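Residues per chain, in single letters:
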There are 2 protein chains.
Amino acid sequence: MKSTKNAIQTEPDTGTKPPAHETVYQTLRGQILFGELAPGQAVTIQGLTESLNAGMTPVREAIRRLISDGALVFQGNRRVSVPLLRSGDIDELVYARKTIECELTRRATLRVTPAQIAELERIDNALDRAISAGDVASYLAQNYAFHTALYQHADAPILTDLADRLWLRFGPSLRVVCGRLGTQSFPDRHKDILEALRKADPELAALAMERDVAQGMEQVIQGLASGN
Amino acid sequence: MKSTKNAIQTEPDTGTKPPAHETVYQTLRGQILFGELAPGQAVTIQGLTESLNAGMTPVREAIRRLISDGALVFQGNRRVSVPLLRSGDIDELVYARKTIECELTRRATLRVTPAQIAELERIDNALDRAISAGDVASYLAQNYAFHTALYQHADAPILTDLADRLWLRFGPSLRVVCGRLGTQSFPDRHKDILEALRKADPELAALAMERDVAQGMEQVIQGLASGN
DNA sequence: AACTCAAGAATATGATCAAATTATCCCGTG
DNA sequence: CACGGGATAATTTGATCATATTCTTGAGTT
């Protein structure tokens, strides 16, 4: 099985070393997804070469990919920064997430194995512990891991790629919202998804996913409204 | 170090200066969209530096962006090539195109002005002439121009970005299909879209767009089936 | 058939050039 | 005399190029 784009987390037995620009890309991508880079914050090439101990060319290529992903924006002049969401952007994201991620959920429901469902349950349990502990960073990581793992089973690389793009768009803002509101206001809708997976009911799973997406985006809307 | 006192030359004046990597990106993007680069064809950095008369670094950055766009694929080793579609990919593209582009059509219907509708009619007339003349290159360009111009009026940058990505995926294959089947098998569904725009009926426009998308993708399916 | 070596292409580094933002200073005005 | 605005200089940063290094690949040999 070849990794098409993301996911370098392979076993060290392969012996192949990852290229420098790939590691830089993954590192920056994680920092943006987990909100370590705040929206509106400017990113400089030379600053990244020092903080990541990498050369200039790998950093440049990683930034180009992230701009194409929508995770960074080109500020007219030659400056790049993390974008901040507007209310109109959120409307688009809600529609796109519902259509894309619900379809991924339907497809995954038809293909997922009991062992894979058990793995999803493990991730969801870790997510519950993160919520109870109020660990925002762990909550974001486990929530992303749950959705990503589910979509991997859909066997739909193009739709999965689109979903990854959408997560990169609202990831930084989600981090800001969690920093303001904490994790207690995030009830876990994944239990309904897991139940639908066990029943192998695609439409039920898609409906649960739609509620999960709607709820998550509603949190972002309220958080940004209270922030601005 | 030149110590030129009192030398104020603020008129080197070669006009505006677009960055080289941006120019290379747009050029390559057009070549892929219009099918000048065939699916499966290998793309080398050094070949592009000569054919485009550009440096190595701009070419590298442009290729990174196009890989992130899905317009190019990384062949595992260090080779890059134009991807070829599989039947499973087409299923995903059909779903994504219908949901994304129909929503863009709905939004555009609510915002488009009569002058903009007239511009769309002008593009569609050029498309009709291309079909009558059997001009494949012009047909592809005008068809892309029609959809792009319509989506620009939707005022939805994120959804438009997703749609652009999808077009980059099936653009090369569409060129191959047209080369095999010609343009006579492409009846023009844009007339229904334009009529719905004039009526300012979003659902009617979305329905017409869905038929246009379904018809176009069906052509790709049949063309690829006859080719493989 | 397997191994070795050579050629070519991609990756990565550093240096150099150009542009923009920032800071500073001078001049004008209230 | 103090304050503000505008222009200029300086620093910082991005863009590009030339070059060295590494990896893949293919041919040739044992």
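Quantities reported herein were computed from a predicted structural model and do not represent experimental measurements.

Here is what the cut-offs are and how they apply
Residues numbered from 1 in each chain as written. Chains lettered and ligands numbered in written order. Predicted model: local features only at pLDDT ≥ 70, side-chain atom pairs only at ≥ 80, totals over all residues. Near = placed C-beta within 6 Å. Helix = DSSP H or I, 4+ residues; strand = E, 2+ residues; numbered from the N terminus. Buried ≥ 20, exposed ≤ 12 C-beta atoms within 10 Å, placed from the backbone. Pairing = 2+ DSSP bridges. Contact = placed C-beta atoms within 7 Å. Nonpolar A, V, L, I, M, F, W, Y, C, P; charged D, E, K, R; others polar. Core = buried A, V, L, I, M, F, W, Y, C linked by C-beta atoms within 7 Å. Domains from an automatic or database assignment. Least-squares fit on C-alpha atoms with pLDDT ≥ 70 in both. Axes fitted to C-alpha atoms, helices over the stretch in contact; angles between N-to-C directions. Parallel < 35°, antiparallel > 145°, perpendicular 65-115°, else oblique. Left-handed = near helix turned anticlockwise from the far one by under 90°. Expected span 1.5 Å × (residues − 1).

Novice: What's the story with the protein's contact with DNA strand C in this structure? I'm lost.
Specialist: Residues in close proximity to DNA strand C total 17 residues, the closest being P19(A), A20(A), G55(A), T57(A) and T44(B). Taken together, the elements giving at least two residues each to the surface near DNA strand C come down to α1 (20-33) and α3 (56-69) of chain A together with α2 (45-51) and α3 (56-69) of chain B. Here the element with the most residues in the surface near DNA strand C is α3(A); it accounts for three residues.

Novice: Honestly, unusual backbone geometry in this entry has me stumped. Any pointers?
Specialist: Backbone phi values are negative for most residues with the exception of glycine, while trans is the configuration of most peptide bonds. Residues and elements named next belong to chain B. The backbone of N53 shows a phi angle near 55 degrees, a positive value even though the residue is not glycine. On the secondary structure map, N53 appears in the loop between α2 and α3. Assessed through the 8 C-beta atoms surrounding it within 10 Å, N53 is described here as exposed. Look at A200: it is not a glycine, yet its phi comes out positive at around 55 degrees. Summarising the element assignment, A200 is placed in the loop between α8 (190-199) and α9 (202-227). Accessibility expressed as a C-beta count within 10 Å gives 13 for A200, which makes it partly exposed.

Novice: Help me understand the sheet that holds strand β2 (residues 73-74) of chain A in this model?
Specialist: Strand pairing in a sheet relies on backbone hydrogen bonds, with the paired strands running either antiparallel or parallel. All names here are of chain A. Spatial ordering of the open sheet is given by β1-β3-β2, a layout of three strands whose pairing is antiparallel. At either margin of the open sheet sits one strand with a lone partner, and together these are β1 (42-43) and β2. Looking at chain direction, β1 and strand β3 (residues 80-81) are connected through two bridges and run antiparallel. Looking across to β3, one finds that A42 is bridged to S81.

Novice: Looking at this structure, I do not really get the interface of chain A and chain B. What am I missing?
Specialist: One frequently used descriptor of interface size is the decrease in accessible area upon assembly of the parts. Taken together, the 22 residues of chain A in the interface contact 22 residues of chain B. For the side of chain A that touches chain B, the secondary structure elements donating two or more residues are α3, α4 (87-111) and α7 (157-181) of chain A. Here the side of chain A that touches chain B is built from residues that sort into seven nonpolar, four polar and eleven charged.

Novice: Can you walk me through the nonpolar core in this structure?
Specialist: Generally speaking, a soluble globular protein has its nonpolar side chains buried in company with each other. Grouped together as the largest cluster of nonpolar side chains are 93 residues, with contacts concentrated most on L159(A) and L159(B). Tallying contributions element by element places α7(A) first for this core, with ten residues. Setting aside chain neighbours within four positions, we find L159(B) in contact with E92(A), A96(A), I100(B), E103(B), L104(B) and A154(B). Grouped together as the second largest cluster of nonpolar side chains are 15 residues, L48(B), V59(B), I63(B) and L72(B) included.

Novice: Quick question: what am I supposed to make of the protein's contact with DNA strand D here?
Specialist: Lining the immediate environment of DNA strand D, one finds 16 residues, of which T44(A), I45(A), R78(A), A20(B) and G55(B) sit closest. Breaking the surface near DNA strand D down by element, the ones donating at least two residues are α2 (45-51) of chain A together with α1 (20-33) and α3 of chain B. Broken down by element, the surface near DNA strand D gets its largest block of residues, three residues, from α3(B). Residue composition of the surface near DNA strand D, grouped by class: eight nonpolar, six polar and two charged.

Novice: Could you clarify how one ought to interpret the domain arrangement of chain A in this entry?
Specialist: All names here are of chain A. According to the domain assignment, chain A contains domain 1 (12-81) and domain 2 (87-227). Each of domain 1 and domain 2 has a C-alpha centre, and the two are 24 Å apart. With ten residues of domain 1 in contact, the opposing surface of domain 2 contributes 13 residues. Residues belonging to the side of domain 1 that touches domain 2 are distributed by class as follows: seven nonpolar, two polar and one charged.

Novice: Whenever I open this one, the relation of the copies chain A and chain B confuses me. Can you help?
Specialist: The operation relating the two chain copies consists of a rotation about an axis and a shift along that axis. If you rotate chain A by 180 degrees and push it 0.0 Å along the axis, it lands on chain B with an RMSD of 0.2 Å. Both copies are brought into coincidence by an operation consistent with a two-fold rotation axis. Residue by residue, 95% of the interface of chain A is reproduced at the interface of chain B, so both copies engage with the same surface.

Novice: I would appreciate a short explanation of the sheet that holds strand β1 (residues 42-43) of chain B in the present structure.
Specialist: Residues and elements named next belong to chain B. What the three strands build is an open sheet, ordered β1-β3-β2; its pairing is antiparallel. Of all strands in the sheet, those with a lone pairing partner are β1 and β2 (73-74), marking the two edges. Across two bridges, β2 lies against strand β3 (residues 80-81) in antiparallel orientation. Directly across from V73, in β3, lies its bridge partner S81.

Novice: How should I be thinking about the environment of A96(B) in this particular structure?
Specialist: Structurally, the position occupied by A96(B) is in helix α4 (residues 87-111). A sequence separation of 70 residues divides A96(B) from L166(B), and the C-alpha atoms of the two residues are 7.9 Å apart. Those residues in contact with A96(B), other than ones at most four positions away along the chain, are I158(A), L159(A), L162(A) and L166(B).

Novice: It is not clear to me how the packing of helix α5 (residues 114-133) of chain A against helix α6 (residues 136-152) of chain A should be interpreted in this structure. Could you clarify?
Specialist: Angle between the axes and distance between the axes: these two values describe a pair of packed helices. All names here are of chain A. Look at α5 against α6: their axes get within 8 Å of each other, and the N-to-C directions meet at 160 degrees. Considering the angle they form, α5 stands roughly antiparallel to α6. Relative to α6, the crossing made by α5 is left-handed. For the pair α5 and α6, the contacting residues are E119, L120, I123, D124, A126, L127, A130 and I131 in the first and S138, Y139, Q142, N143, A145, F146, A149 and L150 in the second. Here the contact of α5 with α6 is built from residues that sort into eleven nonpolar, three polar and two charged.

Novice: I'm lost on α3(B) in this one. Help?
Specialist: Given 3.6 residues to a turn, an α-helix orients residues that are three or four positions apart in the same direction. Residues and elements named next belong to chain B. Across its 14 residues, α3 extends 20 Å between first and last C-alpha, which sits within 8% of the 20 Å expected from 1.5 Å per residue. Taken together, the buried positions of α3 are V59, E61, A62, I63, R64, R65, L66, S68 and D69. At the C-terminal side of α3, G70 shows a positive phi close to 85 degrees.

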